[in-house]
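# Reading the structure
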Amino acid sequence: MDKITKYTENISNLAFKEKKSVRKLSTEIKNKILFELSEELIIEKERIIASNKIDIEEGKKKNLSLALIDRLILDEKRILALSNSVKEIVSLPDPIGEVVRGATLPNGLKLITKRVPLGVILVIYESRPNVTIDVGALSFKSGNVCILRGGSEAVHTNSVLVNIFSNVLERNNAPKNSVVFIDNTDREILIPLLKLKNKIDIVVPRGGEGLIRFVSENSQIPIVMHDKGVCNLYVDKSADPKKLLPIVLNSKTQRPGVCNALENLIFHKSYPEIKEVLEKLNESGVELYLDKELTSLFPNSKIATEEEFKTEFLDMRLSVKLVNTMDEAIEFIEAYSSGHTEAIVSEDYSNIQKFLQLVDSAAVFVNTSTRFHDGGELGLGAEVGISTGKLHVRGPMGLPHLTTTTTYLFGEGQVRR
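Summary of the structure given here. Please read all numbers here as calculations on a predicted model, not as lab measurements.

### Things to note about the overall build of the protein
The number of helices and strands found in the protein is 15 helices and 16 strands. Over its C-alpha trace the protein gives a radius of gyration of 23 Å, about what one expects of a compact globule, namely 22 Å for 417 residues. If one aligns the C-alpha atoms of the protein with their principal axes, the spans along those axes are about 75 × 65 × 40 Å. When each of the 417 residues of the protein is scored for burial, the buried share is 51%.

### Overview of the pattern of salt bridges
Taken as a whole and judged by the stated rule, the model has 25 salt bridges. With a shortest N-O distance of 2.8 Å, D94 and K30 are connected by a salt bridge. With D94 in the loop between helix 6 (76–91) and strand 1 (99–104) and K30 in helix 3 (residues 27–43), the pair connects residues that are 64 residues apart, well separated along the chain. Accessibility assignment for this pair places D94 and K30 in one class, buried. Across the pair E40 and R171 runs a salt bridge whose closest N-O atoms are separated by 3.5 Å. Taken together, the residues span a long stretch of sequence, with E40 in helix 3 and R171 in helix 8 (residues 155–171) at a distance of 131 residues. The network of salt bridges with common partners includes K32, E36, E40 and R171.

### Notes on the packing of aromatic side chains
Under the criterion given, the structure shown has seven aromatic pairs. Ring geometry for F140 and F165: centres 6.4 Å apart, planes at 75°, overall edge-to-face. Of this pair, F140 sits in helix 7 (residues 130–141) while F165 sits in helix 8, and the two are 25 residues apart along the sequence. Taken together, a centroid distance of 4.8 Å and an interplanar angle of 45° make the contact between F332 and Y336 tilted. With F332 and Y336 both in helix 14 (residues 326–336), this residue pair falls four residues apart, about one helical turn. As far as the burial class goes, F332 and Y336 line up, both buried. Among the aromatic side chains, those forming a connected cluster through ring pairs are F309, F332 and Y336. One residue, R187, lies across the ring of F214, its end atom 5.2 Å from the ring centre. Over the face of the ring belonging to F16 we find K199, whose NZ or CZ atom lies 5.8 Å from the ring centre.

### Let's talk about helix 6
Residue pairs three or four apart in sequence face the same way in an α-helix, which turns once every 3.6 residues. Helix length check: helix 6 (16 residues) gives 23 Å between terminal C-alpha atoms against 22 Å at 1.5 Å per residue, within 8%. Here helix 6 has its buried residues at I79, L82, S83, S85, V86, I89 and V90. With its buried residues spanning 155° around the axis, helix 6 presents them on a single face. Exposed residues on helix 6 whose side chains face more than 90 degrees from its buried face are K77 and S91. Residues of helix 6 that are buried sit in contact with helix 3, helix 4 (45–61) and helix 7.

### A short note on the sheet that holds strand 1
Strand order in this open sheet of three strands is 1-2-16, and the pairing throughout is antiparallel. Lying at the two open borders of the sheet, with one neighbouring strand each, are strand 1 and strand 16 (403–410). Across this sheet, the average inter-strand angle for adjacent strands is 20°, counted without regard to direction.

Cut-offs applied
- Residues numbered from 1 in each chain as written.
- Predicted model: local features only at pLDDT ≥ 70, side-chain atom pairs only at ≥ 80, totals over all residues.
- Heavy atoms only, no water.
- Helix = DSSP H or I, 4+ residues; strand = E, 2+ residues; numbered from the N terminus.
- Rg over C-alpha atoms; globule rule 2.2 N^0.38 Å.
- Buried < 20%, exposed > 50% of the residue type's maximum accessible area, 1.4 Å probe, protein only.
- Salt bridge = Lys/Arg side-chain N within 4 Å of Asp/Glu carboxyl O.
- Phe/Tyr/Trp six-rings, centres within 6.5 Å; stacked < 30°, edge-to-face > 60°.
- Lys NZ or Arg CZ within 6 Å of the ring centre and 35° of its normal.
- Expected span 1.5 Å × (residues − 1).
- Arc of directions from axis to C-beta.
- Contact = heavy atoms within 4.5 Å.
- Pairing = 2+ DSSP bridges.
- Axes fitted to C-alpha atoms, helices over the stretch in contact; angles between N-to-C directions.

Remember, this is a structural readout, not a statement about activity or role.
Here is the structure:
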């Protein structure tokens, strides 16, 4: 057995051995530990910030993009938000043991189907160190063990965060290896890890196209896909200008380096204030890639091609498309969306209903910002990621989605005839 294979076997064994121990923990104990974790994050904030500064400085030396640097940052404000998200997870109902079906069958058998933990979850992610705590807390609350493999760009911050989590677990005599961290940042480490289908129940890749493709091509473990976010917003001819401008600016500029930021803005040709919206975007520092028909409004702007329409920019670039009908807008979304988030701004009830019926994505929003497609914003406390696939979970992956079901059947001697 080579060194890498031995390392991955040891990692998976640490997690696998804790499955039963974590399943046995009561809701009260899990909540107590997570509440202490939320407090400990605040107590240890200076240590977290110090390690984070190392990652940021090294990231700058490696010429990481501004979007990746932004995702890396864990300052005091974000640590407080992270602490609060853990507290919100504490306040949420424990999904384990929830009865999703109960029945007495005609032959007298009593049937109960309950939620149970998935088991061991492997999450592979890039950049965002907050994912370490979000995933660890969600996994623990839902009775699972998680194996965390963050990117090399956040290794110092992630190491400190996992250490804080482990210390809280140990202090409460809980299974220390409920959260296992892979500190080896070599991507080759993943190849044997992704073969361990007998030890790991599910793998969640969360990152860029390269990571998603790598996991898809190498994994023998079932995958929940958390792909890129090419998000679209359609401006209907009836859109209210007072609603539209704040929605567009928030969707694009509030935090452009995240997966729920707007990448394609689609205007109905009859909307009367297209130029005004584009001017405000331009004034806000957005670099516009315009449909050829719109270039007359900004003669020196860049022309949007198919390449731009399908690109997740993760920065202050935005593609703008002009359409003749809403059907054309929906066809455009079908062609270029990644299935993450689509939005319509409209005052026409029938058009809104048609948009909701025909657009097939993980989230479809009406008269609001795409930035709300986030587990924390949608009442889940946090998320493992946002799934763009259609199996097991679609959209934010929260506590209920870290479970599967077991059916229990109680009889009094019945046999099948």
